[in-house]
Amino acid sequence: QVRLVESGGGLVQAGDSLRLSCAASGRTFSRYSMGWFRQAPGKEREFVAAIWWSGTNIYYADSIKGRFTISRDNAKNTVYLQMNSLKPEDTAVYYCAADAGASTLYWRTQSYETWGQGTQVTVSS
């Protein structure tokens, strides 16, 4: 099982960029599919992006498509979320998650067994 630690959040202005990182412990990171989710105050946790263990399949939520990019570096046990053209509605706590089962239901929180503690992203207008 992996342990996940997110970093890179912060306070930025609309239009700025941020890159989130999710560092994983454990030697089996390359076998996990990884996802990014976010949760705004008073709202449910929602899917943002996912990348297969091999990196061959990548999926995005419609709300961030074209602005965010997910990637992974298995040699560094790290998954990234590059966020460009940030909007105030992107404000949320961002979580990374790991799925050992390669579920095709990548948008569901229930598909992921392990979660990080989250990192706050705040976008001011």
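Read on for an overview of the structure. Remember, it's a predicted structure, so these values are computed and weren't measured experimentally. (Residues numbered from 1 in each chain as written. Predicted model: local features only at pLDDT ≥ 70, side-chain atom pairs only at ≥ 80, totals over all residues. Heavy atoms only, no water.)

**Points about the nonpolar core**
Judged by nonpolar contacts, the single largest core of 36 residues is most densely connected at Met34, Trp36, Leu81, Met83 and Tyr94. Looking at this core, the elements that each hand over two or more residues are β3 (18-24), β4 (33-39), β5 (46-51), β7 (68-73), β8 (78-83), β9 (92-99) and β11 (119-124). Here Tyr94 is in contact with Glu6, Leu20, Trp36, Phe37, Arg38, Val48, Phe68, Leu81, Met83, Gly118, Thr119 and Val121, once residues within four sequence places are set aside. (Core = buried A, V, L, I, M, F, W, Y, C linked by side-chain atoms within 4.5 Å. Buried < 20%, exposed > 50% of the residue type's maximum accessible area, 1.4 Å probe, protein only. Helix = DSSP H or I, 4+ residues; strand = E, 2+ residues; numbered from the N terminus. Contact = heavy atoms within 4.5 Å.)

**Comments concerning the sheet that holds β3**
Pairing within the open sheet is antiparallel, and its 4 strands lie in the order β1-β3-β8-β7. The open sheet terminates on both sides in strands that have one partner only, identified here as β1 (4-7) and β7. Between one strand axis and the next, the sheet turns through 15° on average, direction left out of account. Where β7 and β8 come together, 6 bridges link them in antiparallel fashion. What sits directly across from Phe68, in β8, is Met83. (Pairing = 2+ DSSP bridges. Axes fitted to C-alpha atoms, helices over the stretch in contact; angles between N-to-C directions.)

**Observations regarding unusual backbone geometry**
A negative phi angle is the norm for most residues apart from glycine, just as the trans form is the norm for most peptide bonds. Positive phi, normally seen in glycine, also occurs at Asn77, with a value near 55°. Mapping Asn77 onto the fold places it in the loop between β7 and β8. The class of Asn77 is buried, set by a relative accessible area of 19%. Positive phi, close to 50°, is recorded for Ser85, a residue that is not glycine. Mapped onto the elements, Ser85 comes out in the loop between β8 and β9. Assessed through its relative accessible area of 40%, Ser85 is described here as partly exposed.

**Some points on the environment of Phe37**
Mapped onto the elements of the fold, Phe37 is located in strand β4. When the C-alpha positions of Phe37 and Arg108 are compared, they lie 9.6 Å apart, and in sequence the two are 71 residues distant.

**Remarks on the pairing of β5**
Where burial is concerned, most of β5 is hidden: 5 out of the 6 residues are buried. Sheet topology note: the β4/β5 ladder contains 5 bridges and is antiparallel. Bridge pairing in β5 places Phe37 opposite Phe47. Across 3 bridges, the pairing between β5 and strand β6 (residues 58-60) is antiparallel. What sits directly across from Ala50, in β6, is Tyr59. Counting the residues between successive antiparallel strands, the hairpin from β5 to β6 contains 6 residues, one of them, Gly55, with a positive phi of roughly 80°.

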